[in-house]
Amino acid sequence: MSSLNSTFLNTTIVRPEFFFISGFSDIPHTKYYYVFLCFIYILSVLGNTFVMFVIYADHCLHSPKYIAVFNLAVSDLCVSTALVPPLIDTFLFKSQLISYEACLTHLFFVFWFLFMQSFTLTVMSYDRCVAICFPLRYNEIVTNKSMLVITTILWIIAGLADLILIVFINRLSFCKSIVIKSFFCDHGPMFRLACNDNTPSFVMSWSHPVSIFWLPLLFIIGTYICIARALLKIASASERLKAMKTCTSHLILVGVYYFPICIIYGAIGSIVNHNVRIVNTSLAMVLPPMLNPIIYSLKTEEFTESIKKQYRRKKIHITVMNN
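Caption draft 1: How the structure looks around the overall build of the chain. The secondary structure content of the chain amounts to 11 helices and three strands. In the chain, the order of α-helices and β-strands from amino to carboxyl end is α-β-α-α-β-α-α-α-β-α-α-α-α-α.

Caption draft 2: How the structure looks around the pattern of salt bridges. Per the stated rule, a full pass over the model turns up two salt bridges. As a salt-bridge pair, R128 and D127 come within 2.8 Å of each other at their nearest N and O atoms. For R128, a relative accessible area of 10% puts it in the buried group. For R137, the salt bridge identified is with E140, shortest N-O distance 3.9 Å.

Caption draft 3: How the structure looks around the environment of W206. As for its placement among the helices and strands, W206 is situated in helix α8 (residues 199-232). Residue W206 is classed as partly exposed on the basis of its relative accessible area of 48%. Counting along the chain gives 18 residues from W206 to G188, while the straight-line C-alpha distance between them is 9.8 Å.

Caption draft 4: Molecular detail of α8. The end-to-end C-alpha separation of α8 is 48 Å, in line with the 50 Å expected for 34 residues at 1.5 Å each. At V210, α8 shows its maximal bend, which comes to roughly 35°.

Caption draft 5: View of the environment of C185. Locating C185 in the fold gives a position in the loop between β3 (179-180) and α7 (187-191). In this structure, the C-alpha to C-alpha distance between C185 and C103, residues 82 residues apart in sequence, is 5.6 Å. Among all residues touching C185, those that are not within four sequence positions of it are I21, I98, C103, H106, L107 and I180.

Caption draft 6: Structural context of the confidence of the model for the chain. Summing up the model confidence of the chain, the mean pLDDT is 85 and the portion of residues at 70 or higher is 90%. For the chain, helix α1 (residues 2-9) is the element with the lowest average pLDDT, namely 37, and helix α6 (residues 144-169) is the one with the highest, namely 95. In the predicted structure, residues 1-10 sits below a pLDDT of 50 and forms zero contacts with residues beyond four places in sequence or in another chain.

Caption draft 7: The arrangement of the packing of aromatic side chains in detail. One pass over the full model with this rule turns up 21 aromatic pairs. Here F24 and Y34 contribute two aromatic rings whose centre-to-centre distance is 5.9 Å and whose plane-to-plane angle is 40°, an arrangement assigned as tilted. Placement of the pair is F24 in the loop between β1 (18-21) and α2 (31-57) and Y34 in helix α2, with a sequence separation of 10 residues. Looking at F24, the relative accessible area reads 14%, which means it is buried. With a relative accessible area of 2%, Y34 lands in the buried category. When the centroid spacing of 6.1 Å and the interplanar angle of 75° are considered together, the rings of F113 and W155 count as edge-to-face.

Caption draft 8: Seen up close, the side chain of S75. Here S75 lies in helix α3 (residues 64-92). Under the relative-accessibility criterion, S75 is labelled buried at 0%. Polar contacts involving the side chain of S75 include one to the main-chain carbonyl oxygen of L72, which spans 2.9 Å. With residues up to four places along the chain from it excluded, the contact list for S75 reads F113, M116, Q117, T120 and W155.

Caption draft 9: Here's a closer look at the packing of α3 against helix α10 (residues 274-299). Axis separation between α3 and α10 bottoms out at 9 Å; the angle between their running directions is 145°. Judged by the twist between their axes, the crossing of α3 over α10 is left-handed. Contacts between α3 and α10 involve K65, Y66, V69, L72, D76, V79, S80, L83 and V84 from the former and M285, V286, P288, P289, N292 and Y296 from the latter. Split by residue class, the contact of α3 with α10 holds 11 nonpolar, two polar and two charged.

Caption draft 10: Fine view of the sheet that holds β3. Overall, mixed pairing links the three strands, which are arranged β2-β1-β3 in an open sheet. Both edges of this open sheet fall to β2 (97-99) and β3, since each of them pairs with a single strand only. Direction of pairing for β1 relative to β2: antiparallel, over a ladder of three bridges. Residue F20 lies in a different strand from β2, and its bridge partner there is L97. On the sheet, helix α4 (residues 100-133) packs against β1, β2 and β3 and is oriented at approximately 85° with respect to β2.

Rules used in this analysis
- Residues numbered from 1 in each chain as written.
- Predicted model: local features only at pLDDT ≥ 70, side-chain atom pairs only at ≥ 80, totals over all residues.
- Heavy atoms only, no water.
- Helix = DSSP H or I, 4+ residues; strand = E, 2+ residues; numbered from the N terminus.
- Salt bridge = Lys/Arg side-chain N within 4 Å of Asp/Glu carboxyl O.
- Buried < 20%, exposed > 50% of the residue type's maximum accessible area, 1.4 Å probe, protein only.
- Expected span 1.5 Å × (residues − 1).
- Bend = angle between axes of the 7 residues up to and from the residue.
- Contact = heavy atoms within 4.5 Å.
- pLDDT = per-residue confidence, 0-100.
- Phe/Tyr/Trp six-rings, centres within 6.5 Å; stacked < 30°, edge-to-face > 60°.
- Polar contact = N/O pair within 3.5 Å; in protein donor to acceptor, adjacent residues only side chain to side chain.
- Axes fitted to C-alpha atoms, helices over the stretch in contact; angles between N-to-C directions.
- Left-handed = near helix turned anticlockwise from the far one by under 90°.
- Nonpolar A, V, L, I, M, F, W, Y, C, P; charged D, E, K, R; others polar.
- Pairing = 2+ DSSP bridges.

Following this line, the structure appears as structure tokens:
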């Protein structure tokens, strides 16, 4: 036993000074794709900043539902910012070497905000479920305070879940290769470079998607089953349609976010070509933050009315100032 302990204590963990982010393999003119991602990022920043401004400026939107929407806009903006600017720097300015510490930091923030997107969509489905299934008790069950507490706890849980990934990565030795076959410091391609036992990281590579993506998706499906049952009990077709409209935007957001995730972490995701995987993963990360503000602006009646109201107020203010 003592000899085993001695061997364990004397084990040296080899950490490289740098990693090399490979990006696409054998594809010419990839810089145009990265420019395309940069364009999407700019739209994401403008859209999500606009959503946050409208919610902040209109006191009528200071409700539990829009606290969750504001939180989604924050996580969308953060995940895009954590991913795209470093990607542009890496591939357009030919700085594909990244230090070990910077790589782990990058991994932490990208996955933290990605996890929060999933959790926030889950909270939004909970909000809609209570609103439709228990309309008379909605204001009692879902309050601004309870929504703030829930979102804060989820930020902490997402951070701790992400930290576990970093802890196990930090215990690996990288003595084979330093080339990460991805477009950022991705967890899977990174831990597979280890030359010592990477079993804990391998377990995390499937347990985290289950707990962070699949279980929330099952919860969302469960809430909509409850919503469907509640809607069937509503006698008036107009009231049923009105209730369904409040869920439309959220259902589209769920589809936009989870469909690519299902491909990435499903059976197909493990056998697709390396380049196809990069395209699918990058689009899955950058498109939802761009589309979410557009979907909410067009599909949510309260939000649309708030935009019109603020526009009219601004127009009147400008007219008064000119006179």
